[in-house]
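So you can see what is in the structure, the chains are spelled out below.
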Amino acid sequence: MPARIIDGKLLAKQIRDDLAQKIKAMVNAGNQQPGLAVVLVGDNPASQLYVSMKQKACAEVGIYSEEHRLPASISQEELLAVIERLNKDPKIHGILVQLPLPEGFDEQVVINHIKPEKDVDGFHPINIGKLQTGQKTFVPCTPAGVMKMLDSIGIDLTGKKAVVVGRSNIVGKPVAQLLLQRNATVTICHSKTNNLAEECRQADVLVVAVGHPELVKADWVKPGAVVIDVGISKVGSKTVGDVAFDEVKEVAGWLTPVPGGVGPMTIAMLLTNTVAAAN
Ligand code: NAD
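A brief look at the structure comes next.

Definitions and cut-offs
- Residues numbered from 1 in each chain as written.
- Predicted model: local features only at pLDDT ≥ 70, side-chain atom pairs only at ≥ 80, totals over all residues.
- Heavy atoms only, no water.
- Helix = DSSP H or I, 4+ residues; strand = E, 2+ residues; numbered from the N terminus.
- Contact = heavy atoms within 4.5 Å.
- Patch = residues over 30% accessible without salt bridge, like charges linked within 9 Å, V, L, I, M, F, W, Y side chains within 5 Å.
- Areas by Shrake-Rupley, 256 points an atom, 1.4 Å probe, with all protein chains shown as cover.
- Salt bridge = Lys/Arg side-chain N within 4 Å of Asp/Glu carboxyl O.
- Lys, Arg positive; Asp, Glu negative; His and termini not counted.
- Charge placed at Lys NZ, Arg CZ, Asp CG, Glu CD.
- Buried < 20%, exposed > 50% of the residue type's maximum accessible area, 1.4 Å probe, protein only.
- Near = heavy atom within 4 Å.
- Polar contact = N/O pair within 3.5 Å; in protein donor to acceptor, adjacent residues only side chain to side chain.
- 1 Å grid on protein atoms, 1.4 Å probe; cavity = no way out; pocket = protein on both sides within 12 Å on 5 of 7 lines; lining within 4 Å.
- Sits in = over half its atoms within 2 Å of the grid points.
- Nonpolar A, V, L, I, M, F, W, Y, C, P; charged D, E, K, R; others polar.

1. Quick look at the side chain of N273
On the secondary structure map, N273 appears in helix α10 (residues 262–277). If near-sequence neighbours (up to four positions away) are discounted, N273 is found in contact with V120, F138, V139 and C141.

Right under this line is the structure:
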């Protein structure tokens, strides 16, 4: 039986609809409208697209948003000054600096400058530390979206073997942490892992966040496994994930599509974090 598809687009719409209701109720009760500032440095076309999608999503649910487009020629000090102003701006509850930053910027220094209470991406070391120690914090948006997708199929992760491919700070590591918190037995694989296919074949839950088109083949997947494809790559004019969808769907129990899977969930979780920041 082919895999059942976890429809991220549909799930994200449900989350956005709920948020829209919540924001309406907040504002009707006399509370401030949640506000998000998105900072974009340089003219990376993919970043521009992501930023406009995020702003559109804000407008749809009733989040105030402002975009700060800065030329790649600005200095790091000037960028930090913009963040400093936003840190102090009472209209702004969440600040997002679109990554990657152009050459010459120290991303970690820039992230460290965002007030942790406004760090809706959950990338500040204080928030990462809180996540690591099981404290309430902003969970990074893509990992939070992955967990929502797993929750949507009602899987109990206790004792399940979870394999995460990719160890980035924004996806792989926090996903692994969240799976661990749910009592899964977690293996993190990366570019230096030996026998990657063999590791993946052990997984009841396989989360792939690499950025290598269709890396994961059908014979890497345990029959019936849940496969979450985080990857996004352009192959010609087509957007593809890290999982060879057509063949893996014949083996997996559940599978996320690309596009229409984790991507829309990431944006929905950004909105969720922004509303939480305003409360
Ligand atoms: P990254 O480049 O920071 O990290 C990639 C990871 O993959 C690294 O840890 C590396 O060790 C590992 N890796 C590289 N080649 C490998 C190989 N051959 N075998 C095993 N592991 C390998 O990337 P990232 O920011 O974590 O993003 C990963 C992918 O997810 C990208 O395609 C990105 O576009 C996508 N992404 C999607 C969303 C979304 O909303 N859907 C959000 C963030 C990232």
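Moving on, there is more to tell.
2. Details of a negative patch on the surface
On the surface, a cluster of negative charge is contributed by E214, D219, D246 and E247. Mapped onto the elements, E214 comes out in the loop between β7 (205–208) and β8 (226–229). Overall, the relative accessible area of 33% leaves E214 in the partly exposed class.

3. Structural notes on the site of the ligand
Looking at the ligand, there are 19 residues lining it, with R167, S168, G211, I232 and T266 nearest. Contacts to the ligand include V230, whose backbone N or O atom sits 3.4 Å from a nitrogen atom. Coverage of the ligand by the protein amounts to 70% of the 850 Å² it exposes when considered alone. Among the cavities detected, the one that contains the ligand is the largest pocket. Of the residues forming the shell around the ligand, the biggest block, three residues, is contributed by α10. Looking at the shell around the ligand residue by residue, the class counts come to nine nonpolar, nine polar and one charged.

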